[in-house]
Amino acid sequence: MSQDKEPRRRFLRQVLAIVPAASTLGGASAVAVSQAALADSSEPGKPRAYTPTFFTAAEWAFINAAVDPLIPSDQYGAGALETGVPEFIDRQMETPYGAGKLWYMQGPFHTDRVPELGYQLSLVPRDIYRQGIAAVNTWCQKTHGKVFAELDKKTQVEVLKQLEGGKIELDALPAKTFFSFMLGNVKEGYFADPMYGGNQKMGGWKMVGFPGARADFADWVDQYNVKYPYGPVSILGEKG
């Protein structure tokens, strides 16, 4: 199949090269996540059972509904839902990243400055999600008569496009900021090592042909355009 017929695969390959590592610093909980992954008995094509520890039931419904259109499953591989990306995001909210402890969070905050000068809000990721989800649900309720998770798929996609384009006014924070944080975390969860809760069964790695944490590639360095014959391996030895 020619490359121009695989836009999703090309997009995800490019994303894999630029996913930041900062939010994958999951702390001590990573070991428990990996143990759950190694003992995973979930049905094929479905994420393992998980109860969120940070998100409320309404927020959890929003997250699950929102990540699905961002990386949907298709003929090339599993999507964000199937690979447990919502679990990854929920677990990240309980880490130093979620609490903003990895950032400089002292004022002043100049929200009118160019993006190159860095993050300019006083909200940490936990606040961005909590306030952003509430604001989007309020807007959807006023505009469509239902909260985001209850909208049909087509309307959900349209709302996400409006958030991305900054066409929705949210009282809590800029719509673009909320969307970009969520999209960034979705990408990270899809491609991070399974020990952090997402990329379950290494679905993201399999989709792009990434071999994971294998230690030796010397025999393949000079083999141009030859598909690597082995499946991915996680940091803790899980095999895909």
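The shown structure was predicted, so the numbers you read here are calculated from the model rather than taken from an experiment. (Residues numbered from 1 in each chain as written. Predicted model: local features only at pLDDT ≥ 70, side-chain atom pairs only at ≥ 80, totals over all residues. Heavy atoms only, no water.)

1. Section: the side chain of glutamine 200
Let me state the cut-off plainly: Secondary structure counts use DSSP, requiring at least four H or I residues in a row for a helix and at least two E residues in a row for a strand, with both numbered from the N terminus. The buried label goes to any residue with under 20% of its type's maximum accessible area, the exposed label to any with over 50%, and the partly exposed label to all in between, with areas taken from a 1.4 Å probe on protein chains only. N or O atoms closer than or at 3.5 Å make up a polar contact, with two conditions inside protein: a donor-capable atom paired with an acceptor-capable one, and, for residues adjacent in sequence, both atoms drawn from side chains. Two residues qualify as a contact provided that any one of their heavy atoms is within 4.5 Å of a heavy atom in the partner residue.
Along the polypeptide, glutamine 200 turns up in the loop between α7 (175–191) and α8 (203–208). A relative accessible area of 4% means that glutamine 200 is categorised as buried. Polar contacts involving the side chain of glutamine 200 include one to the main-chain amide nitrogen of arginine 48, which spans 3.0 Å. The contacts of glutamine 200, once residues within four sequence positions are left out, are Pro47, Arg48, Thr83, Gly84 and Glu87.

2. Thoughts on helix α3 (residues 57–70)
Spacing of three or four residues puts side chains on the same side of an α-helix, whose turn is 3.6 residues. Our working rule: One less than the number of residues in a helix, times 1.5 Å, gives the span that helix is expected to have.
Taking 1.5 Å of rise per residue, 14 residues should cover 20 Å, and α3 covers 21 Å from first to last C-alpha, within 8% of that figure. Buried within α3 we find Glu59, Trp60, Phe62, Ile63, Ala65, Ala66, Val67, Asp68 and Leu70. Each element contacted by the buried residues of α3 is listed here: α4 (85–92), α5 (125–144), α6 (153–164) and α7.

3. Focus: unusual backbone geometry
A positive phi angle, near 50°, is found at asparagine 199, a position not held by glycine. For asparagine 199, the position within the fold is in the loop between α7 and α8. Positive phi outside glycine occurs at lysine 201, with the angle close to 55°. By secondary structure assignment, the location of lysine 201 is in the loop between α7 and α8.

4. A closer look at the side chain of threonine 95
Of note, threonine 95 is situated in the loop between α4 and α5. For threonine 95, the side chain forms a polar contact with the main-chain oxygen of glutamine 92, separated by 2.6 Å.

5. Some remarks on the nonpolar core
Rules: Each nonpolar core is a collection of buried residues, namely Ala, Val, Leu, Ile, Met, Phe, Trp, Tyr and Cys, held together in the definition by side-chain atoms within 4.5 Å.
Counting 51 residues, the largest nonpolar core has Leu163 and Phe178 as its most contacted members. Listing elements by their share of this core, those giving two or more residues are α3, α4, α5, α6, α7 and α8. Among the elements that line this core, the one with the most residues is α7, at nine residues. With residues up to four places along the chain from it excluded, the contact list for phenylalanine 178 reads Phe62, Ile128, Tyr129, Gly132, Ile133, Val136, Leu163 and Leu173.

6. Overview of the pattern of salt bridges
To keep it simple, the criterion reads: We count a salt bridge whenever a side-chain nitrogen from Lys or Arg sits within 4 Å of a carboxyl oxygen from Asp or Glu.
A full pass over the atoms with the stated rule returns five salt bridges. The salt bridge involving arginine 130 is made with glutamate 59; its shortest N-O contact spans 2.7 Å. Of this pair, arginine 130 sits in helix α5 while glutamate 59 is found in helix α3, placing the two residues 71 residues apart along the sequence. Judged by its relative accessible area of 30%, arginine 130 falls in the partly exposed class. For glutamate 59, a relative accessible area of 8% translates into the label buried. The shortest N-O distance in the salt bridge between glutamate 94 and arginine 126 comes to 3.3 Å. Separated by 32 residues along the polypeptide, glutamate 94 in the loop between α4 and α5 and arginine 126 in helix α5 bring together distant segments of the chain. Among the charged side chains, a network of salt bridges with common partners joins Arg48, Glu87 and Arg91.

The quantities given are spatial measurements derived from coordinates; they are silent on function.
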